[in-house]
Amino acid sequence: MTADKNPPYPAATTEMKSEKKVSKDMQLRQIKYLNNIVEQDHHHFIKRRVSSMLGLKLFRTANQILSGVEAMQMIKKEQVNLRDQSVQNQSNFIYPLFGLAS
């Protein structure tokens, strides 16, 4: 198993082995900055937008805004190709993210 250098991981791994939840042969490989690349990519854009929204009162509103931010990031990174799709297909992708009927 590969994980970052969070201190509880070795103890948890030992406990899981003693409880036979994982194989005794399983080894824990700790890499200090394993999650940083993924976390930086994701959180950089989220933090920039969320800091201005800290006054949101309803979870639903915050959820919809973050869903929109995530959708725009997916489109920007071309993880979802909407250029060659019809307007109907584009709306079928976007509307469920915001809980809207298409």
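All values reported here derive from a predicted model rather than from experimental measurement.

1. Brief notes about the overall build of the protein
Item 1. For the protein, the count of helices and strands is 4 helices and 2 strands.
Item 2. Along the protein, helices and strands appear, N-terminal first, in the series β-α-β-α-α-α.
Item 3. Within the protein, the fraction of its 102 residues that count as buried is 15%.
Item 4. Pairs at least 24 residues apart make up 48% of the contacts formed inside the protein by residues separated by at least 6 positions.

2. Overview of the confidence of the model for the protein
The predicted coordinates ought not to be read in detail in places where the model reports low pLDDT.
Item 1. This prediction gives the protein a mean pLDDT of 76; 72% of its residues lie at or above 70.
Item 2. Across the protein, the element-wise mean pLDDT spans from 63 in helix α2 (residues 36-50) up to 90 in helix α1 (residues 8-18).

3. Some words on the pattern of salt bridges
Item 1. In total, this model carries 1 salt bridge according to the counting rule given.
Item 2. Among the ionic pairs, Glu-19 bridges to Lys-21, the shortest N-O distance being 3.3 Å.
Item 3. You can call Glu-19 partly exposed: its relative accessible area is 39%.
Item 4. Under the relative-accessibility criterion, Lys-21 is labelled exposed at 61%.

4. A closer look at the packing of helix α3 (residues 59-76) against helix α4 (residues 87-97)
Item 1. At a minimum axis separation of 9 Å, α3 and α4 run at an interaxial angle of 145°. When α3 is examined against α4, the residues Ser-67, Ala-71, Met-74 and Ile-75 are found in contact with a partner set consisting of Phe-93, Ile-94 and Leu-97.
Item 2. Grouping the constituent residues of the contact of α3 with α4 by class yields 6 nonpolar, 1 polar and no charged.

5. A look at the environment of Met-16
Item 1. Within the fold, Met-16 resides in helix α1.
Item 2. A relative accessible area of 27% places Met-16 in the partly exposed class.
Item 3. Ignoring any residue separated from it by four or fewer positions in sequence, one finds Met-16 in contact with Met-1, Lys-21 and Val-22.

6. Remarks on unusual backbone geometry
Item 1. The phi torsion at Lys-20 lies on the positive side, around 60°, for a residue other than glycine.
Item 2. One can find Lys-20 in the loop between α1 and β2 (29-30).
Item 3. Residue classification places Lys-20 among the exposed residues on the basis of a relative accessible area of 70%.

7. Topic: the side chain of Thr-13
Item 1. With respect to the element layout, Thr-13 can be found in helix α1.
Item 2. On the accessibility criterion, Thr-13 (6% relative accessible area) is buried.
Item 3. A polar atom in the side chain of Thr-13 sits 2.8 Å from the backbone oxygen of Tyr-9.
Item 4. Non-local contacts of Thr-13, meaning those with residues more than four positions away in its chain, are made with Met-1, Met-26 and Leu-28.

Scoring rules and cut-offs
Residues numbered from 1 in each chain as written. Predicted model: local features only at pLDDT ≥ 70, side-chain atom pairs only at ≥ 80, totals over all residues. Heavy atoms only, no water. Helix = DSSP H or I, 4+ residues; strand = E, 2+ residues; numbered from the N terminus. Buried < 20%, exposed > 50% of the residue type's maximum accessible area, 1.4 Å probe, protein only. Contact = heavy atoms within 4.5 Å. pLDDT = per-residue confidence, 0-100. Salt bridge = Lys/Arg side-chain N within 4 Å of Asp/Glu carboxyl O. Axes fitted to C-alpha atoms, helices over the stretch in contact; angles between N-to-C directions. Nonpolar A, V, L, I, M, F, W, Y, C, P; charged D, E, K, R; others polar. Polar contact = N/O pair within 3.5 Å; in protein donor to acceptor, adjacent residues only side chain to side chain.

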